[in-house]
Amino acid sequence: MLIKLIETFGKTIIRLVKSMGRIVLFFLTGTINCFVLPFQFSKIIDHTWFIGTKSIFVIVLTGLFTGMVLGLQGYYSLIKVGSEEALGYAVALTLIRELGPVFTAIMITARAGSAMAAEIGVMRVSEQIDALKTMHINPVRFMFTPRLIAAVISFPLLTALFNVVGILGGFISGSIMLGINRYVYMDTVIQSVDINDIAGGFYKSFVFSVVVTTICCYRGYYTHLFSGFGARGVSLTTTNAVVQSCVFILIFDYIITFFLV
Amino acid sequence: MTVPLIQFIDVAKRFGTHEVLKGLNLSIYTGEIIAVIGKSGTGKSVLLKHIIGLVHQDSGQILIQGEPLHQLSVEKVRSFQNELSYMFQDNALFDFLNIYDNIALPLVENSKFPKARIKEKVMTRIKQLGLMDAEYKFPAQLSGGMRKRVALARALVTDPKIVLFDEPTSGLDPVRKKNVHSMIQEYQEKFGFTAVIVSHDIPQIFNIAQRIALLDDGVIKFEGSQKDVLESHSTILNAFVRGDDVPDTFD
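This section reports on the structure supplied with the text. Along every chain, residues carry numbers that run from 1 in the direction the sequence is written. Each chain is given a letter, starting from A, and each ligand a number, starting from 1, according to the order in which they appear as written. Side-chain atom pairs in this predicted model are given and counted only at pLDDT of 80 or more, local residue features only at pLDDT of at least 70, and totals for whole chains, interfaces and linings cover all residues.

1. Some thoughts on the overall build of chain B
- The way it works is that DSSP assigns letters per residue, a run of H or I at least four long becomes a helix, a run of E at least two long becomes a strand, and they are numbered from the N terminus. Secondary structure summary: chain B contains nine helices and 10 strands in total.
- A compact globule built from 251 residues should have a C-alpha radius of gyration of about 18 Å, and chain B, at 18 Å, falls within 12% of that.
- Counting only C-alpha atoms, chain B reaches 55 × 45 × 40 Å along its principal axes.
- Burial in this document is a count-based property: other C-beta atoms within 10 Å of a residue's C-beta are tallied, and the residue is buried at 20 or more, exposed at 12 or fewer, or partly exposed in between, with C-beta positions derived from the backbone. Going through the 251 residues of chain B one by one, you find that 39% of them count as buried.
- Partitioning the intrachain contacts of chain B with sequence separation of at least 6 by distance along the chain shows that 65% fall at a separation of at least 24. Every radius of gyration here is taken over C-alpha atoms, with the globule rule written as 2.2 Å times N^0.38, N being the number of residues. What counts as a contact is two residues whose backbone-derived C-beta atoms lie within 7 Å of each other.

Structure below.
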């Protein structure tokens, strides 16, 4: 019984170490290839279009409603202590420091990360990755590197968009609907935010872009090892990629916040 | 005596508990067309994947022109692999690329040809394989037969010296099958490449293959020319060629 328990524990540790080794190698290969000529401009543009441009609508929508909810909740909390004029301050800082990067990353994971995992997973099960190898094309460079660069470009830009739209959402619910002076709202927004808050948000979105792309592409690339072949394997891969990405976004959010504050 | 281009010596391969190759011996000579036949699931594709480097043997040796593959320098392995091309059983076409881009991919990614030269080479293959109207379509928009031809065009576009065909005619109608066989034969005569064809097209494959190897139960049970096949008294070979149910133990 005890031996079996130790065996199981040992196997789990070995599997974990192997998995960590694989993901580190996968990430390093993809990162090193960002600097290897020729640059894959057309692929980077394609993926930036997919990850970035095509996410604008969902980011605007979630940003707007997040800001509106913050405006509402913030107003009713602040009015209790007679500080409703500080709404702009609360909305802007909450969005820029915390909710903007996290919500943006989660929304992109749901929209583009799942698609990355599924597409690469299908490529694995239909031997397209093997076909790349037989053509002497590095599959990690071909599939992961352009997506990584595209994500690093897209995440901070979409985070900025989310923040701006969120602040506007707070303005709609706080000033237009609940009657806070619009100049006061905008003034507190401008006064409260300094460059360190904005930089902190961008550090987070940069880290999230790397985390999400690495996890989603890695899960897709090794679909056959984790989830098996076929449609079921790809669907499991996609689910796991999204869940893991979201969990790691929150873990890294805590770690970065810990070092920033 | 001629040194084989590729030689399998006692190659064994196991996936989990399933032993696919059990000490396989096979020689492939430069410039020949060799057909590997055998029941489904006997490891024919695994054999091809050993040559291209997608799968590595558990034991035994693979010699390239007399030298063990694992002892070759990186440059030699790369040079050997650059001469290889592989046509997958299920085509393995890229869904996100149109037909032109699928065929052009190995040239775009690896060659230093100018765009015009790449276009010329790709269009030549497209015309030869009757894919003119499908140039800008995506694989999902094509029939199974057309996808097969696209895969064939992609395998031949780099003018390889060794081409590995994994069931190149499966899913094609008899006319297309004949065309593909004729094309392989014609190209082989024209360019002199070495072709290893995994096929179930019996007896058609005998017309183009100079040698036939029967893989069964993880080993080569028969090796010979078309004439040898016809004259063979091998129970397993005759049963397989006739399409009879093959008992487990033979010869």
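Next, the rest of the story.
2. Overview of the overall build of chain A
- Secondary structure summary: chain A contains 10 helices and zero strands in total.
- Across chain A, helices and strands are ordered from the amino to the carboxyl terminus as α-α-α-α-α-α-α-α-α-α.
- Considering only C-alpha atoms, chain A reaches an extent of 65 × 55 × 30 Å along its principal axes.
- Evaluated residue by residue, chain A yields a buried proportion of 42% over its 261 residues.
- Within chain A, counting contacts between residues at least 6 apart in sequence, those at least 24 apart form 86% of the total.

3. Here's the deal with the sheet that holds strand 10 (residues 219–224) of chain B
All names here are of chain B.
- Paired strands are those between which DSSP finds at least two bridges. Pairing is mixed in the open sheet, where six strands are placed in the order 6-7-8-3-9-10. Looking along the sheet, the strands with just one partner apiece sit at the ends: strand 6 (84–87) and strand 10. Strand-to-strand, the axes of this sheet are offset by a mean angle of 15 degrees, without reference to chain direction.
- The pairing of strand 7 (residues 162–166) with strand 8 (residues 194–198) spans five bridges and is parallel. Paired with Leu-164 across the two strands is Val-196, which belongs to strand 8. In this analysis an axis means a line fitted to C-alpha atoms, helices contributing only their contacting stretch, and an angle means the value between N-to-C directions, from 0 to 180 degrees.

4. What about the sheet that holds strand 4 (residues 59–64) of chain B?
Residue and element names in this part refer to chain B.
- Within the open sheet, the four strands sit side by side as 2-1-4-5. Their pairing is antiparallel. Strands with a single pairing partner mark the edges of an open sheet, and in this sheet they are strand 2 (18–28) and strand 5 (67–68).
- As defined by bridge partners, strand 1 (residues 6–15) adjoins strand 4 across five bridges and the pair is classed as antiparallel. When the bridges of strand 4 are listed, Gln-7 appears paired with Leu-63.
- Contacting strand 1, strand 2 and strand 4, helix 1 (residues 44–52) crosses the sheet at an angle of about 65 degrees to strand 2.

5. Quick look at the interface of chain B and chain A
- At the interface, 13 residues of chain B touch 10 residues of chain A.
- Elements with a contribution of two residues or more to the side of chain B that touches chain A: helix 2 (74–82) and helix 3 (99–110) of chain B.
- When residues in the side of chain B that touches chain A are grouped by element, the largest group, four residues, is from helix 3 of chain B.
- Among the residues forming the side of chain B that touches chain A, the class breakdown is eight nonpolar, three polar and two charged. Under the scheme applied here, ten amino acids are nonpolar (Ala, Val, Leu, Ile, Met, Phe, Trp, Tyr, Cys and Pro), four are charged (Asp, Glu, Lys and Arg), and all others, including Gly, are polar.

6. A few points about helix 3 of chain B
- Residues B:Ile99, B:Asn102, B:Ile103, B:Ala104, B:Leu105, B:Pro106 and B:Leu107 constitute the buried set of helix 3 of chain B.
- Those residues of helix 3 of chain B that are buried are in contact with helix 4 (115–128) and helix 5 (144–156) of chain B.

7. Here we look at the pairing of strand 7 of chain B
Residues and elements named next belong to chain B.
- For strand 7, the tally of buried residues reaches five of five residues, placing the bulk of the element in the interior.
- Neither face of strand 7 is exposed, since Ile-162, Leu-164 and Asp-166 on one face and Val-163 and Phe-165 on the opposite face are all buried.
- Looking at chain direction, strand 6 and strand 7 are connected through four bridges and run parallel. Residue pairing for strand 7: Leu-84 is matched across the bridge by Ile-162.
- Read as a crossover between parallel neighbours, the route from strand 7 over helix 6 (residues 174–191) to strand 8 is right-handed. Crossovers are marked right-handed if the path from the first strand over the helix to the second runs clockwise, as seen with the strands pointing away from the viewer.

8. Observations concerning the packing of helix 1 (residues 2–32) of chain A against helix 8 (residues 195–221) of chain A
All names here are of chain A.
- Contact geometry of helix 1 with helix 8 gives a least axis separation of 10 Å together with a crossing angle of 115 degrees. In terms of orientation, helix 1 and helix 8 fall into the roughly perpendicular class. Judged by the twist between their axes, the crossing of helix 1 over helix 8 is right-handed. Only Thr-214, Tyr-218 and Tyr-221 of helix 8 make contact with helix 1, whose side of the interface consists of Ile-23, Phe-26 and Phe-27.
- By residue class, the composition of the contact of helix 1 with helix 8 is five nonpolar, one polar and no charged. Comment on the angle field: the value is read as roughly parallel under 35 degrees, roughly antiparallel over 145, roughly perpendicular from 65 to 115, and oblique elsewhere. Crossing handedness: left-handed means the near helix sits turned counterclockwise from the far one by under a right angle, and right-handed means the same turn made clockwise.

9. Things to note about the pairing of strand 8 of chain B
- Strand 8 of chain B sits mainly inside the fold: five of its five residues count as buried.
- Here strand 8 of chain B shows two buried faces, one formed by B:Thr194, B:Val196 and B:Val198 and the other by B:Ala195 and B:Ile197.

10. Side note on the nonpolar core
- Core analysis: the biggest nonpolar cluster contains 121 residues, and A:Val212, B:Ala153, B:Leu164, B:Phe165, B:Val196, B:Ile197 and B:Leu214 have the highest contact counts within it.
- In contact with B:Ala153, not counting residues within four places along its chain, are B:Ile103, B:Arg125, B:Ile126, B:Leu129 and B:Leu131. Residues enter a nonpolar core if they are buried, belong to Ala, Val, Leu, Ile, Met, Phe, Trp, Tyr or Cys, and are joined to the set through C-beta atoms within 7 Å.

11. Quick look at the packing of helix 4 (residues 87–125) of chain A against helix 10 (residues 230–260) of chain A
All names here are of chain A.
- Contact pair helix 4 / helix 10: the axes reach a minimum separation of 8 Å and the direction vectors enclose 150 degrees. Considering their axes alone, helix 4 and helix 10 lie roughly antiparallel with respect to each other. Relative to helix 10, helix 4 is oriented so that their crossing is right-handed. Contacts between helix 4 and helix 10 involve Val-102, Ala-105, Ile-106, Thr-109, Ala-110, Gly-113, Ser-114, Ala-117, Ala-118, Gly-121, Val-122 and Val-125 from the first element and Gly-230, Gly-233, Val-234, Thr-237, Thr-238, Ala-241, Val-242, Ser-245, Cys-246, Ile-249 and Asp-253 from the second.
- Its residues placed into classes, the contact of helix 4 with helix 10 shows 13 nonpolar, nine polar and one charged.

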